[in-house]
Amino acid sequence: MKRNTTGDEPREQLEIALGEQLNALLSASHAINVRAAARFDASLQPAAFHLIRWLYSYGPASAAVLADSTAMDRSSVSRLIKQLESLGYVHREASPEDGRAILLSLTEQGQQMTVEALKEKGSLFYERIAGWEDKQLYEFIELLRKFNGLES
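As the structure is a computational prediction, the values presented were derived from the model and not from experiment.

Re the overall build of the protein chain
Across its full length, the protein chain carries six helices and two strands. For the protein chain, the succession of helices and strands along the chain, N to C, is α-α-α-α-β-β-α-α. Relative to the globule expectation of 15 Å for 152 residues, the C-alpha radius of gyration of the protein chain, 19 Å, shows a markedly less compact shape. Looking at the protein chain as a whole, 27% of its 152 residues qualify as buried. For the protein chain, contacts bridging at least 24 residues in sequence account for 48% of all contacts bridging at least 6. Surface summary for the protein chain: the accessible area is close to 10300 Å², and the carbon and sulfur share equals 53%. Averaging the positions of the 17 positive and the 21 negative side-chain charges in the protein chain gives two centres separated by 4 Å.

A short note on the nonpolar core
Counting 23 residues, the largest nonpolar core has L51, I52, L66, I81, L84 and V90 as its most contacted members. Only α1 (11–40), α2 (46–58), α3 (63–70), α4 (74–86) and β2 (102–106) provide two or more residues apiece to this core. For this core, the element with the highest residue contribution is α2, accounting for six residues. Here I52 is in contact with F40, L84, Y89, V90, L106 and T114, once residues within four sequence places are set aside.

Thoughts on the confidence of the model for the protein chain
Looking at the protein chain, pLDDT values average 91 and 95% of them are 70 or higher. Across the protein chain, the secondary-structure element scoring lowest on mean pLDDT is helix α5 (residues 108–129), at 88, and the one scoring highest is α4, at 97.

Looking at the pattern of salt bridges
Considering all chains together, one arrives at eight salt bridges under this definition. For the salt bridge of E15 with R11, the shortest nitrogen-to-oxygen distance reads 3.0 Å. Of the two residues, E15 and R11 are both situated in helix α1; the distance of four residues between them amounts to about one turn of the helix. Accessibility expressed as a relative area gives 46% for E15, which makes it partly exposed.

Describing a nonpolar patch on the surface
Judged by side-chain polarity, W132, F140 and L144 come together as a nonpolar surface patch covering roughly 250 Å² of accessible area. Along the polypeptide, L144 turns up in helix α6 (residues 134–147). The class of L144 is partly exposed, set by a relative accessible area of 31%.

Analysis parameters
Residues numbered from 1 in each chain as written. Predicted model: local features only at pLDDT ≥ 70, side-chain atom pairs only at ≥ 80, totals over all residues. Heavy atoms only, no water. Helix = DSSP H or I, 4+ residues; strand = E, 2+ residues; numbered from the N terminus. Rg over C-alpha atoms; globule rule 2.2 N^0.38 Å. Buried < 20%, exposed > 50% of the residue type's maximum accessible area, 1.4 Å probe, protein only. Contact = heavy atoms within 4.5 Å. Areas by Shrake-Rupley, 256 points an atom, 1.4 Å probe, with all protein chains shown as cover. Lys, Arg positive; Asp, Glu negative; His and termini not counted. Charge placed at Lys NZ, Arg CZ, Asp CG, Glu CD. Core = buried A, V, L, I, M, F, W, Y, C linked by side-chain atoms within 4.5 Å. pLDDT = per-residue confidence, 0-100. Salt bridge = Lys/Arg side-chain N within 4 Å of Asp/Glu carboxyl O. Patch = residues over 30% accessible without salt bridge, like charges linked within 9 Å, V, L, I, M, F, W, Y side chains within 5 Å.

This is the structure:
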């Protein structure tokens with residue numbers, strides 16, 4: 001349902017409208033993530049691309065850290081990592097700090113394919129803000145930062 005607000009509505013109505021807009025954003029983001037995952041490799045589940053994106057953003061990590069950071073169970077992460085390894089997107093290496101620990105990281109192929117898949121994702125969001133004035137974009141960023149609890 002499209003709800004137009006003027007800012008004069010009761011607080012409860014505004015909070016409902018905010019919830020609707022956040023839901024729309026999350027739904028659109030999920031749909032774009034699924035398309036980016038398919039562009040990366042259509043044979044993979046979107047959850048595998050979620051792991052790829054995490055490794056791309058944060059670098060090498062253990063399977064346990066990946067599971068905790070992505071809110072996935074360890075057995076699912078293990079199964080997906082095996083699949084990603086067999087396809088040449090992820091490799092294992094001993095941790096330089098603790099040779100017994102195993103770190104997972106993207107291969108060169110995995111990094112290149114991630115960049116290509118994310119270009120499409122980014123372009124869809126950039127299209128939506130293309131007509132915005134810089135001041136509007138700055139205000140939006142600041143409001144999101146505040147909403148996300150990242151105020152400086």
